[in-house]
Each structure stands twice: as structure tokens, then as C-alpha cells.
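# Structure assessment
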Amino acid sequence: MNVDPSSLTLAGAALRLSAREFTASELLEACLRRIADTEPRLHAFLTVSEAEARRQAATADERFARGEALSALDGIPIALKDVFLTRGVRTTAASRILENFVPPYDGTAVARLRSRGAVLIGKTNCDEFAMGSSTENSAYGPSFNPWDWSRVPGGSSGGSAVAVAAGQCLAALGTDTGGSIRLPAAYCGIVGFKPTYGRVSRYGIVAYASSLDQVGPFTRDVRDAAILLEALAGHDPRDATSAPVETPGYESLLDRGLDAIRIGVPREYFHEGMQPEVESSVREAIALLESLGASVEIVSLPHAGYAIATYYLIATAEASSNLARYDGIRYGRRAGGAATLVDTYRQSRDQGFGPEVKRRILLGTYALSAGYYDAYYGKAQKARTLVRKDFEDALARCDLLVAPTAPTTAFHLGEKLEDPLSMYLSDVLTISVNLAGLPAVSVPCGVDACGLPIGLQLIGKPFGEATLLSAAYAYERSTHWHEGRPPAAPRSAA
Amino acid sequence: MAEAAFNTAPGPFGTTEWRVPGEFEEASVLCYLHPMKITREQVRHVAALARLELSPQEEERIAGELEAILGYVDKLNELDVTNVAPTSHVFDVGAAFREDEVRNEPAVDELLENAPDRWQGFFRVPKIIE
Amino acid sequence: MTFEPVIGLEVHAQLLTRSKLFCACSAEFGAPPNAHTCPVCMAFPGVLPVLNRRAVEFAIRAGLATGSTIAPVSRFARKNYFYPDLPKAYQISMYDAPICLGGEVRFTVDGAERRVRLVRIHLEEDAGKNIHDAHADASLVDLNRAGVPLLEIVSEPELRSPAEAAAYLRALRETLQYLEVCDGNMEEGSLRCDANISIRPTGSDRLGTRAEIKNMNSFRAVERALEHEITRQIEVVSGGGTVVQETRLWDADREVTRSMRSKEFAHDYRYFPEPDLPPLPVSPEWVEEVHRSLPELPADRRARFERDIGLPAYDAEVLTARRDVADYFEAAFARLRNAKALSNWVMESVLRIVREKKLDEQLRIRDWPVTPESLAELVELIENATISGKIAKTVFEEMVATGKSPRAIVADRGLVQVTDEGAISAAVDRVLAAHADKVSEYRAGKDKLFGFFVGQVMRVMAGKANPQVVNELLKKALS
């Protein structure tokens, strides 16, 4: 049976597995073949867990043979960004400092997938310690956009986005701290969902910025995202910031449609410097939403222009503290031949961390340092309150906000590496959402003249994932963008 | 819980003038220099705090980069935040506790396997002279 | 010019929770290196802290006992610095919003009652241990202690002498033991004390530059270290110098404080609110619940021992100095309502054994060799004249050695006191007959010989004669 993973959704595959049209092992082999074919070009994976995945698929098949599927995820090959700790499977955070680190425990999100029978096919590439917007900061080399190999897939969860877009697996998990799920989803033409802060447990993901990080799925379509979110969401006693709220049956709530839904369009998100095709695609999408029953109004997020500054002080400050544990004493890379303790610290970290990580650690340390706290970190925390209030006000009048996910489509590899600040600015449309802790999703809404995907971002109220998903679903069902697949032989460097 | 209300963290935080008796903090070199211009010396100081070792070229480069970034983030000074409470936690998820019970997992051996240098159950580091 | 010292104490008390502050590892002392660890307290990637409810309860108990204000909301903060015994390279502590503010500790020094106010009490996690002398070329790190809950109790700089400091510390320790939140063992490190000390001209109200003194591992060390430091600071100032603000370690062997300044100590802790822990709410209801469950505090118990049980002030003080001793006494008293006799036995014999066997620092009555019930039984045997007080001492030693009950020992060794007048009379006659010369001397006026006769009768009776009866019959026979 010739299974083509790039033609399957998770939900579709689940039906076929139950109907025994193919086995989980066949599905896995098809994914592994696809990986073998495309990895030399795409470099989406850092670790492919062939043997382990085969065992899991075989066990899933035994269950299917007995008619005892564990869930809709049973037997489905799913990839994990390499910041998810997986017991017994190397987890590097795309850094040299964890090059040979094998975790002794599974994170909660991973454990939930495992207990539902998912086949964990491997660990995907990302920006080192999730710091970046292009996956170019990986210590193991970048990943490549399957729509155009000369371009970035976005970041930091680039590898996961590539894996799904290229049909190497049926879904993947990423993390989103400033846009790291939504941006790669937009650049790669797939669905990327960031839940409300606290909706999904952070226990077991390599921490970048504790008050901003969230776990979320990459999928081919919105239904798959709903299925995965149902599996992932829920209070975790191991995560004191996880919300003690019920997880709705997201999949069953998809059909609510857009009647009486009020959509806000933040005027600050449509600005000069935006790629014209991005703007026009998004405006078309908004018009479509209106025709489907939503009412649309312009809203204002007056502090939008301060979001990046706010983010880069808070995130880097928290990161500078979270990454201080990497000292080579209990795990991870230790510099050989260091004579003193201080040298051990400094050399291990110097050798282990890449330039962007060092830059952010230094910036964060500076923002917290004596004499500078009030001016930088302290001020940023207050600015964050203003950003949150903007959204609170806007979402008092609307159920959702709509905007582009990124001001442009995928840029070329190397284009923004010289100027870190310009790289930071590509997050401008996603970053405020993390500051406010809100749920948001990117769905494909067009392609530009070069055939590069464009993402539409929907932003919801706190714990309003159901509304977000049903709106995105309604949009998707009226369009065909989610059916797009990267060309077999994409254009290379111009 | 339906769509939750926003929570603003009560009270200001981080008045650096306040000290716990017994906490001595050496005055930072950075205090007395203009925040906009970042010197290599400042970079070196911050790198020491973060236990990072930078080459002279790296110091030079990073000084320039930090200066640019800090120049950008200085736009926050346009904001009037006098009566604004800082956000430490976006939502009020209530208190989270653990009951006082002992659990042993995962097995300690597995935990210690990742250590680069062990000796008789301890982690080993270069001699610290106190 | 005379100077007066100004002293503030910072006490860290290890809490008697079963598990650590932020993970479920055992908090018990004494395990093999790194046996009590998990990914959380070892700071593996991806881990998160979750707060031990009982530790908060213990903090509330302490705050109630000191009359502090319990904050309705308090907040954890990260204190960032690098050291191998600090796996996360930050300690989760509290900074600007501690769980308790204010309060006081009362103590007696030189017969006078003093009160010293507290600045604050907060919760934080302990660090692990670095061991420098077990390996020739390396330092070793044991993280068993990393994450154990600590209560930090900070006093205002209102202590005026080393003696006051020691008395304050004793009173604080007593309170914490009474609350069963800390066992107060300074030698084992479950109670630690750092001091901030400065001097100023007597009568001045300005504060001088202070030095921080660490590494004082006993009450005695606290007094000695502070005495030494006062002298040192006075010498510096009298010599025209100024006291340097620094950290100094007490060297108990050489009895001096040594500066740590030579060490690279640029500590910028970069405190910021702990994002992984939500603010800690403590409701009035919770405080009330803890209040209702508070054990009786030392001063109240002392008063009750005097007033209701009828013990003299001295006895009440000694018996209530430690909660476990007070509990022990009361358990015995419940069995036998002879307060004074029991008090004497506890103070003289039981506590002696406890000190000899080095059980001083343990809070657990069940580990003491003589149970309160057996002690009561022993005293009862004396009370009903089954044995004499002297024999009882022998029985007691055997109780300690064998753990057998007093009745069993008396029965096995046939120690029942003889009260039979006939038998004693016979012994008296024998003794007087054997020492006729001394009888004459006694009748002639040498009263002291009475004791000799008593002793001789006791020898004949193998010590088992009832001393009162012996005395009566001897008196009669000798008159």
C-alpha cells in the first residue's frame, strides 16, 4: 500500500487506520521514506528515532488489530521540536551545550502524546534555545523552507513546520514565545496554534522565557489542531503556572460558524513596510470572514509599537536566568582542561552557546543588573501591562482580532543575520500576543508572486481557544489554501 | 472558567534601593556610565556576571550590538508608566501547592548518568578555595 | 570614648517538612550523596518548581508565634548567582514581598526581659553542599540539601551585646522547636545564624558601618565571635581607621574573624519576580486554621506548669525549655500526679542520660531510653514504698541499660523494699550487737554515728530496708 503522508491529515489518517486501510507501521515507513528523500535538502530533523518509532507503530498496530485504539492520535507519526524533553532520546535544544544530553524524563506534553499512542518520530531543528525567528541560529545548521530552499522556514520552531509542510510526518509540536509557532506556520503554509499561556503545561520544555513560553501544534488543517490541542491542554500539577480550567471538546465545537462573531482589525498592524501581497491577502481574508457572518471593525492597540522593546527586555532577562544552569556540572557539555571553577563555567558556556544565545543572555543580564533594573526590566514589566490592557480593551468589544502573521513572506537565508535588530522586527505582529498571554493561530491565506505562503493570524480572548478554532475552521472550509503543498522541486537560490 | 479577566499584579516591584540586612552588593560599574554608550568594559562586566567568556573581538562586536538594541529599547522611555503596575504573571491562576509527601522518581542513577564528572556519588568540580 | 555594639541577626531555620520546598524529594538529613535528588532540584532543563503547602503552614506558624503580620499575598523572587551548590544558578527566595513582616522575639538576659523586633520572615530554598576536603584535587558537590525549605528570620539591629544575641537565638530556637517547624540543631546546620554588627559611640543614634559575620555554628560561637568582632572594630576605629563593610568568617579554632574580601565577590543578585510561581495568597481563614492548631507556646506552658500543676518557677523553666522535655514530663504526669517527684527525676536523671547519650538535639521522645510511662511507674514504686529512693536509682540505671520496665527489674532482682519491722528489728539488733563500742559512743553524744548504723543496717538488709522504718527502729533501739 503506497501511503502518501503529504496527502493525509491527522484526522483522515486516524479514520483510515481504524478502517485498516493501512497500518501504523506502513504509515510510519512512508514518513521515514519521505524523510530520507527530503532531509538532505530540508534538514528539518536533528534526531530521527527510527527504531523507537517502529516499536511504537508496531504496538499501535497490535491495538488496532484488537480494535482498541487509544485515541485519534494512536499510530500517528508526530515530530517534536528539540526543546521537548524525551526520555531516552537525545534532546539538544539545537545547542552544542546539550549535544549529547539524554533526558531521564518525558515532559508532560510528550507524556500526553505517548499515552494516547502517538508515534514520536523524531526531534526537529530549531533556533538554539528557541531564540530566533528563522532557525538560522541552530548550532547544527539551518532548516530550509520547502517552498523555496533558499529561504528560511521561519523560527524558532522551523524544523517542525518544515516537517509537516513537507509531509515528513502528520503533525508536529513547537513552542511559541514571541511567535515561534505562528511565524514558521505562516512561512511554510500550514496551521500553527499557540494556546493561552497556562493552557498547556510547560513542564519538560527547555525554558526560554518562563512568562511567555507556550506549547502548541503544527498541523495541515484546523481540525487536526483542535484534536491535538484537546490532547495537550489541561492543568498539570507539575506546572504551577498551568491554569486549573476544563479542556473543552475542541473538535466537537469547530462547527459554530461566524454568526454574531465580532472581529477587530488592529490598525497598527497594517503599516508601511508590509509586503503588498501580504496586506491584500489578509484583507481578502477579512472580507471573506465578513461574508461568512462576522462583523468587522477597526480597533486600536496604541502600544503596539513598544511590544518588541518590551519583549526583548523581559524575554532576555528571564532567559539569562533560565540558561544559567548550563554549566557542565550535572549534565551537558563541559569544557575539558579548565583549571578553576570559574574557567569551567566560562569555557563550557562559551564553547556551548552560539552568538545569538550569548547576545540575549548578555542583554538580559544587563536589563536586570544593579542600577539598571528600573530602567529596563522594571519598565518593560510596566509596559507589558499597557500592552495587555490594549488587548483587554479591544477584546471587550470583539471576540477575535485579525491581522497578518508576519509583515512579509519568508526571507532569504542570511538576509537578516548581520543585523540582529532587523531579525527581531520580523516578530512585530506576533510578539504582543505573548506579552498578553492570549491564544492565537496562523492559517494559510494566500501565496505571493513567488509562490510563498502568506499567513492569517487570528487572536482570541484568554482561554478562548474554542472560538478561535471555530472561526479559523469556518475560514478554512471556505478556502483551499490549506490544501496547498510545496512544489516537488522548489526554486533554489536566485 | 470562561474567558478569563485580565489580572494586573498588585504593587510595584524592584526598588533597587531596598536591601535586606546582610546582602552586600558591590556597586555596579555600569551605574556611573551613560546607558546609551556601551563600552567593552561594560560588556566584560556583564559577561563576568553571566559567566561567559568573550574574545576581544566578540566584546567589541557585542558592545556595538547591545548599544543598538538598547538604543532601540530606550523608546520605552516615551511611555508614562508612573501609575502602572508591573506584570509578573499574565493571569491569576490561583495558588498551586504540593502536598508534603516524598516521591522518588526517576531513579537517581539515571539522573546522574548525564554528569560529565562524578566521583563516589558526588559531582566533581575544580577545587574551590574559600 | 566608649563604644556600644549594634547587632542584628539573620537566622536560617531548616523546616521539618518531609519533602523539599519545590519538589517531592526527601528533606531528611544524612543520606548518601545525591540520593535525594530529582530533575527539579537538580535543575535539569525543563523543570518547574511547585510549592510545598506545609512549608507555608510552618511559615505562618512562625509568624503567629512572633506576632508578625502575615502578608495576604507574598511573592517569590529569583536570586541569581553562580556556585556549584546552587544547581539552577539562582535561589528561589522572597525579596520585596515576604510572607511575614514585623513581629518580635522576647527573651531574658541577666534577669531582665527584652524584646527585639523582626524585620521580616520569608521562605526560600537551601543550597546543596560543597565539600572541599574529601578529595585532593577537586571539590565535591552533594545536592541532597538543595531545595530543602528554609525560613529566614531577620531581626532589626536592636541587640546590644553578644549575650543578648545568644539569648535571642536561644529564645528563637525554643519557639521554633515548640512549633515543631525546626529542630534547631546548630551543629547539624538545621539552624544557622549570621550576624550584622557595627559599633558606635555610646549613646549615639547613628549606625556605624557594619560587618557581616558568618560561620558561627553554636550559641557559644555566636557570643565569642561577636565579642571578638566588637573588640576588633573598636581597635580599628580607635586607631583612626574605618570599619570596612565586608563579610567575615568566624574561625572557631583560632577564635578570630577573617575577612572574605580576597574572594571575587561581585554579587549583583539581579533579583526579579519568579515567573514560574504565582503569587502566594494566605487568607485570614488559613491563618485562623493554623492559629487554632498552634501548640502551646513556651511562656504559656511555663505559666501553666506553675499555676495549674504547682511546680516551682525554676522547675517550670527547666522543663519547658524544650518542647519535647515538657511533653515528656506531661506524659509522665498524666500517669502519676506527683509533679515534684517527677520533675526531680526528669531534671536530675532523665536529662543527664539524654546529655550523656548525646540525644540533646533530637526532638523525638520515642528515642529516649526511658519512656515517660516507665518513669512514672518508677516514681510510683517509690511512692508506695515498694522500693527506696536509693534502690530506685539502681533500677533507673538498669532501665536505661536494658529498656525493661521498673516492675520487671524489681521483680527479677528481688529489690522489693523490706518494711517488715520484725526483719529490720532483727537486723538492727545484729548491728548494735556487733558494734557495742560505737553504741556507747553514740549514747555518749556522738550523734554522727547514727548514719553509720543506718549504713550498717542497710548492708545487712542488702539495701532493701525501708529507710524510714530503719530510722524509727534504730532510734528506738539506741535510746
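Residues numbered from 1 in each chain as written. Chains lettered and ligands numbered in written order. Predicted model: local features only at pLDDT ≥ 70, side-chain atom pairs only at ≥ 80, totals over all residues. Heavy atoms only, no water.

So, on to the overall build of chain A. Secondary structure assignment for chain A yields 15 helices and eleven strands. Computed over the C-alpha atoms, the radius of gyration of chain A is 21 Å, within 12% of the 23 Å expected from 2.2 N^0.38 for a compact globule of 494 residues. Taking the principal axes of its C-alpha atoms as reference, chain A extends roughly 65 × 55 × 50 Å. Burial analysis of chain A (494 residues in total) assigns 71% to the buried set. (Helix = DSSP H or I, 4+ residues; strand = E, 2+ residues; numbered from the N terminus. Rg over C-alpha atoms; globule rule 2.2 N^0.38 Å. Buried < 20%, exposed > 50% of the residue type's maximum accessible area, 1.4 Å probe, protein only.)

Secondary structure assignment for chain C yields 15 helices and 18 strands. For chain C, the C-alpha atoms occupy an extent of roughly 90 × 55 × 55 Å along the three principal directions. Within chain C, buried positions represent 57% of all 479 residues. The long-range share in chain C, meaning contacts at least 24 apart out of those at least 6 apart in sequence, stands at 69%. Looking at chain C as shown, the accessible area adds up to about 20000 Å², and 49% of this sits on carbon and sulfur atoms. Across chain C, the centroid of the 63 positively charged side chains sits 2 Å from that of the 70 negatively charged ones. (Contact = heavy atoms within 4.5 Å. Areas by Shrake-Rupley, 256 points an atom, 1.4 Å probe, with all protein chains shown as cover. Lys, Arg positive; Asp, Glu negative; His and termini not counted. Charge placed at Lys NZ, Arg CZ, Asp CG, Glu CD.)

Right, let's talk about the sheet that holds strand S2 (residues 118-119) of chain B for a bit. Pairing between sheet strands relies on hydrogen bonds along the backbone, with the strands arranged either parallel or antiparallel. Taken together, the four strands give an open sheet; going across it, the order is S2(B)-S3(B)-S11(C)-S10(C), and neighbouring strands pair in antiparallel fashion. A single partner strand is all that each edge strand has here, and the edge strands are S2 of chain B together with strand S10 (129-131) of chain C. Pairing geometry for S10 of chain C and strand S11 (residues 138-142) of chain C, over three bridges, is antiparallel. Across the sheet, Asn 130 of chain C pairs through a bridge with Val 141 of chain C, a residue of S11 of chain C. (Pairing = 2+ DSSP bridges.)

This part covers the nonpolar core. Within the largest apolar cluster, 216 residues are counted, with the highest numbers of intra-cluster contacts made by Leu 113, Phe 129 and Phe 391 of chain A. Tallying contributions element by element places helix H9 (residues 307-322) of chain A first for this core, with ten residues. Apart from residues lying up to four places away in sequence, Leu 113 of chain A is in contact with Leu 73, Ile 78, Leu 80, Ala 118, Leu 120, Leu 173, Leu 228 and Leu 232 of chain A. Counting 68 residues, the second largest nonpolar core, distinct from the first, contains Tyr 168, Leu 169, Phe 219 and Ala 221 of chain C. (Core = buried A, V, L, I, M, F, W, Y, C linked by side-chain atoms within 4.5 Å.)

Turning next to the interface of chain B and chain A. Facing 67 residues of chain B, the contacting portion of chain A comprises 77 residues. Interface of chain B and chain A: buried area, both sides summed, is about 6600 Å²; carbon and sulfur atoms make up 66% of it. Counting the contacts that link chain B with chain A gives four salt bridges. One salt bridge in this structure joins Lys 358 of chain A and Glu 58 of chain B, with 3.3 Å as the shortest N-O distance. (Buried area = accessible area lost by both parts, 1.4 Å probe. Salt bridge = Lys/Arg side-chain N within 4 Å of Asp/Glu carboxyl O.)

Here we take up unusual backbone geometry. A cis amide bond, omega 5 degrees, links Gly 155 of chain A with the succeeding residue Ser 156 of chain A. Structurally, the position occupied by Ser 156 of chain A is in the loop between strand S3 (119-124) and helix H5 (158-165). The backbone of Ala 43 of chain C sits at a positive phi, close to 55 degrees, despite the residue not being glycine. Mapped onto the secondary structure, Ala 43 of chain C falls in the loop between strand S1 (3-14) and strand S2 (51-52).

Enumeration over the complete set of coordinates arrives at 29 aromatic pairs over all chains. Plain terms: the ring middles of Trp 345 of chain C and Phe 396 of chain C are 5.5 Å apart, the flat faces sit at 50 degrees to each other, and that makes the pair tilted. Residue Trp 345 of chain C is found in helix H8 (residues 339-356), and its partner Phe 396 of chain C is found in helix H10 (residues 389-402); the two are separated by 51 residues along the sequence. For the pair Trp 345 of chain C and Phe 396 of chain C, one class covers both residues: buried. Pairwise contacts between aromatic rings join Phe 101, Phe 129, Tyr 326, Tyr 331 and Phe 353 of chain A together with Phe 44 of chain C into one cluster. (Phe/Tyr/Trp six-rings, centres within 6.5 Å; stacked < 30°, edge-to-face > 60°.)

The next thing to look at is the interface of chain A and chain C. Every contact between the two is made by 39 residues of chain A and, on the other side, 30 residues of chain C. One can count one salt bridge joining chain A with chain C. Linking Asp 276 of chain C and Arg 202 of chain A is a salt bridge whose minimum nitrogen-to-oxygen distance equals 2.8 Å. Mapped onto the side of chain A that touches chain C, the elements with two or more residues apiece are H9, helix H10 (341-352), helix H11 (355-368) and helix H12 (374-397) of chain A. Among the elements that line the side of chain A that touches chain C, the one with the most residues is H9 of chain A, at four residues. Considering only residue class, the side of chain A that touches chain C consists of 23 nonpolar, nine polar and seven charged. (Nonpolar A, V, L, I, M, F, W, Y, C, P; charged D, E, K, R; others polar.)

Domains assigned within chain C are domain 1 (3-288), domain 2 (296-404) and domain 3 (421-478). Each of domain 2 of chain C and domain 3 of chain C was reduced to a C-alpha centroid, and the two centroids are 34 Å apart. (Domains from an automatic or database assignment.)

Next up on the list: helix H3 (residues 219-238) of chain C. Residue and element names in this part refer to chain C. The terminal C-alpha atoms of H3 lie 29 Å apart, and with 20 residues this matches the ideal 28 Å at 1.5 Å per residue to within 8%. All buried positions along H3 are accounted for by Phe 219, Ala 221, Val 222, Ala 225, Leu 226, Glu 229, Ile 230, Arg 232 and Gln 233. In this structure, the buried residues of H3 make contact with S1, helix H2 (162-178), strand S13 (191-201), strand S14 (211-216), strand S15 (247-251) and strand S16 (256-259). Just downstream of H3 lies Gly 240, where phi reads positive at about 90 degrees. (Expected span 1.5 Å × (residues − 1).)

We now examine the confidence of the model for chain C. Within chain C, residue pLDDT values average 91, and 97% of them lie at 70 or more. Reported for the predicted complex are a pTM of 0.86 and an ipTM of 0.96. (pLDDT = per-residue confidence, 0-100.)

With that settled, the discussion passes to the pairing of strand S2 (residues 77-81) of chain A. Residues and elements named next belong to chain A. Most of S2 sits inside the fold, with five of its five residues counted as buried. Burial along S2 is two-sided: Pro 77, Ala 79 and Lys 81 and Ile 78 and Leu 80, pointing in opposite directions, are all buried. One ladder, built from five bridges, connects S2 with S3; its direction is parallel. Across the sheet, the residue bridging to Ile 78 is Leu 120, located in S3. Between the parallel pair S2 and S3, the chain is carried across by helix H4 (residues 108-115), and the sense of this crossover is right-handed. Summarising the sheet, S2 and strand S4 (residues 171-176) pair through three bridges and their orientation is parallel. In the strand pairing of S4, Ala 79 is matched with Ala 172. (Right-handed = clockwise from strand over helix to strand, strands pointing away.)

It is worth spelling out the side chain of Asp 142 of chain C at this point. Within the secondary structure, Asp 142 of chain C sits in strand S11. Buried within the structure, Asp 142 of chain C lacks any salt-bridge partner; its nearest side chain of opposite charge belongs to Lys 129 of chain C, at an N-O separation of 6.5 Å. At 2.9 Å, the side chain of Asp 142 of chain C forms a polar contact with the backbone nitrogen of Asn 34 of chain C. Not counting chain neighbours up to four residues away, the residues in contact with Asp 142 of chain C comprise Phe 122 of chain B together with Pro 33, Asn 34, Gly 128 and Lys 129 of chain C. (Polar contact = N/O pair within 3.5 Å; in protein donor to acceptor, adjacent residues only side chain to side chain.)

Residue and element names in this part refer to chain C. Of the two faces of strand S8 (residues 104-109), the one lined by Val 105, Phe 107 and Val 109 is fully buried and the one lined by Glu 104, Arg 106 and Thr 108 carries no buried residue. Sheet topology places S8 next to strand S9 (residues 112-125); six bridges connect them, and they run antiparallel. Looking at the pairing, Arg 106 lines up with Arg 115 of S9. Following S8, the chain reverses through two residues before pairing antiparallel with S9; Asp 110 in that reversal takes a positive phi of roughly 55 degrees.

To continue, consider the sheet that holds strand S6 (residues 90-94) of chain C. In space, the three strands of this open sheet follow the order S6-S5-S17 (chain C), with antiparallel pairing throughout. Since the sheet does not close on itself, it has two edges, and those belong to S6 and strand S17 (272-273) of chain C, each with one partner. Across five bridges, the pairing between strand S5 (residues 76-80) of chain C and S6 of chain C is antiparallel. Bridging from a neighbouring strand, Phe 76 of chain C pairs with Met 94 of chain C of S6 of chain C. Sitting on the sheet, H9 of chain A touches S5, S6 and S17 of chain C, and the angle it makes with S5 of chain C is about 65 degrees. (Axes fitted to C-alpha atoms, helices over the stretch in contact; angles between N-to-C directions.)

Okay, the pattern of salt bridges next. All names here are of chain C. Taken as a whole and assessed by the stated rule, the structure comprises 76 salt bridges over all chains. Residues Arg 224 and Glu 255 are paired through a salt bridge, measuring 2.1 Å at the closest nitrogen-oxygen approach. Linking Arg 224 in helix H3 with Glu 255 in the loop between S15 and S16, this pair joins segments that are 31 residues apart in sequence. Classification of Glu 255 by relative accessible area gives partly exposed; the value is 28%. Taking the shortest distance from any N to any O, the salt bridge between Arg 301 and Glu 330 comes out at 2.9 Å. Of this pair, Arg 301 sits in helix H5 (residues 298-309) while Glu 330 is found in helix H7 (residues 323-335), placing the two residues 29 residues apart along the sequence.

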